[in-house]
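Each chain, letter by letter, is given below.
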Number of protein chains: 2
Amino acid sequence: MSMNDSPTLQVRIKLRPGFHMGPGKANLLEGIARTGSIAAAGRDMGMSYRRAWSLIEAMNAAFRAPVVSTSRGGSEGGGARLTETGAQVLKIYRDVQRRAEQATAADCGELAALMPENPGET
Amino acid sequence: MSMNDSPTLQVRIKLRPGFHMGPGKANLLEGIARTGSIAAAGRDMGMSYRRAWSLIEAMNAAFRAPVVSTSRGGSEGGGARLTETGAQVLKIYRDVQRRAEQATAADCGELAALMPENPGET
């Protein structure tokens, strides 16, 4: 992010005590859809396989149906793909993110205007 | 949060590499405005004084002007109040939160509908 970038908004949806959908889980689902692999999706995010799998287990347990289905075989423990539920969860999360960004762009600009033009490197 | 509660949305505004405004900093500012004390505001959030102070320092450094001003004396290291900048930051953050919630209520409802009616306790 350069200092000319506009602010970015992240959303975290608390769906139940102890369970939320945030950018980590959404990016992981997106990575699995793209790579067909939990390990590869996690690696792209700098996340251990163990951590990636624990996020998927949390989603699989939280929703009516699993969000990811896996198959055995292959060099990294088998392939993975989003289920219909997983694809829906990801789509809705992205809709939430986009709508929230659009609705708050002016406010976020106001907040950015309260910062100095030339920040020191921190 | 009971299982009848609707989903809640938290927003995190990345304003600069390494600096964001999220619910923790906003709630801390609100607590300081309410209690007049950094220690009391932190305590209400289950946050150490050290942690509360580090969040305030991060905000004081990030914005054009400090967000909190402190005075010496008193049993807990002096009083604290929001500056004009601090009050503006808090107000804008709350505006962002409210607008984001309004813009995404329907989507968040769709996401909640993908969960079982009677979740196990987790």
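Residues numbered from 1 in each chain as written. Chains lettered and ligands numbered in written order. Predicted model: local features only at pLDDT ≥ 70, side-chain atom pairs only at ≥ 80, totals over all residues. Heavy atoms only, no water.

(A) Seen up close, the packing of helix 1 (residues 23-35) of chain A against helix 3 (residues 49-62) of chain A. Residue and element names in this part refer to chain A. At their nearest, the axes of helix 1 and helix 3 sit 10 Å apart, and the two run at 100° to each other. Here helix 3 runs roughly perpendicular to helix 1, going by the angle between their axes. On helix 3, the residues touching Lys 25, Leu 28, Leu 29 and Ile 32 of helix 1 are Ala 52, Leu 55, Ile 56, Ala 58 and Met 59. In terms of residue class, the contact of helix 1 with helix 3 is built from 8 nonpolar, no polar and 1 charged. (Axes fitted to C-alpha atoms, helices over the stretch in contact; angles between N-to-C directions. Helix = DSSP H or I, 4+ residues; strand = E, 2+ residues; numbered from the N terminus. Parallel < 35°, antiparallel > 145°, perpendicular 65-115°, else oblique. Contact = heavy atoms within 4.5 Å. Nonpolar A, V, L, I, M, F, W, Y, C, P; charged D, E, K, R; others polar.)

(B) Structural detail: the relation of the copies chain A and chain B. Rotating chain A by 180° and translating it 0.0 Å along the rotation axis places it on chain B, where the RMSD comes to 0.0 Å. Taken together, the rotation angle and the small translation identify this as a two-fold axis. (Least-squares fit on C-alpha atoms with pLDDT ≥ 70 in both.)

(C) Fine view of the interface of chain A and chain B. In this complex, chain A contributes 38 residues to the contact, which on the side of chain B involves 38 residues. Here chain A and chain B share an interface that buries about 4000 Å² over both sides, 65% of which is from carbon and sulfur atoms. Of all residues in chain A, Leu111(A), Leu114(A) and Met115(A) bury the most surface against chain B, accounting for 18% of the area lost on that side. Taken together, the links from chain A to chain B amount to 2 salt bridges. Of the charged contacts, one joins Asp107(A) and Arg99(B) as a salt bridge, the two residues approaching to 2.5 Å between their closest N and O atoms. Summed over the shared surface of chain A and chain B, the number is 14 residue pairs in polar contact (both at pLDDT 80 or more). If one sorts the elements of the side of chain A that touches chain B by residue count, helix 4 (residues 84-112) of chain A sits on top with 14 residues. Residues that form the side of chain A that touches chain B fall into these classes: 24 nonpolar, 5 polar and 9 charged. As paired strands, strand 1 (residues 8-16) of chain A and strand 1 (residues 8-16) of chain B are joined by 7 bridges and run antiparallel to one another. Following the sheet pairing, Val11(A) is matched in strand 1 of chain B by Val11(B). (Buried area = accessible area lost by both parts, 1.4 Å probe. Salt bridge = Lys/Arg side-chain N within 4 Å of Asp/Glu carboxyl O. Polar contact = N/O pair within 3.5 Å; in protein donor to acceptor, adjacent residues only side chain to side chain. Pairing = 2+ DSSP bridges.)

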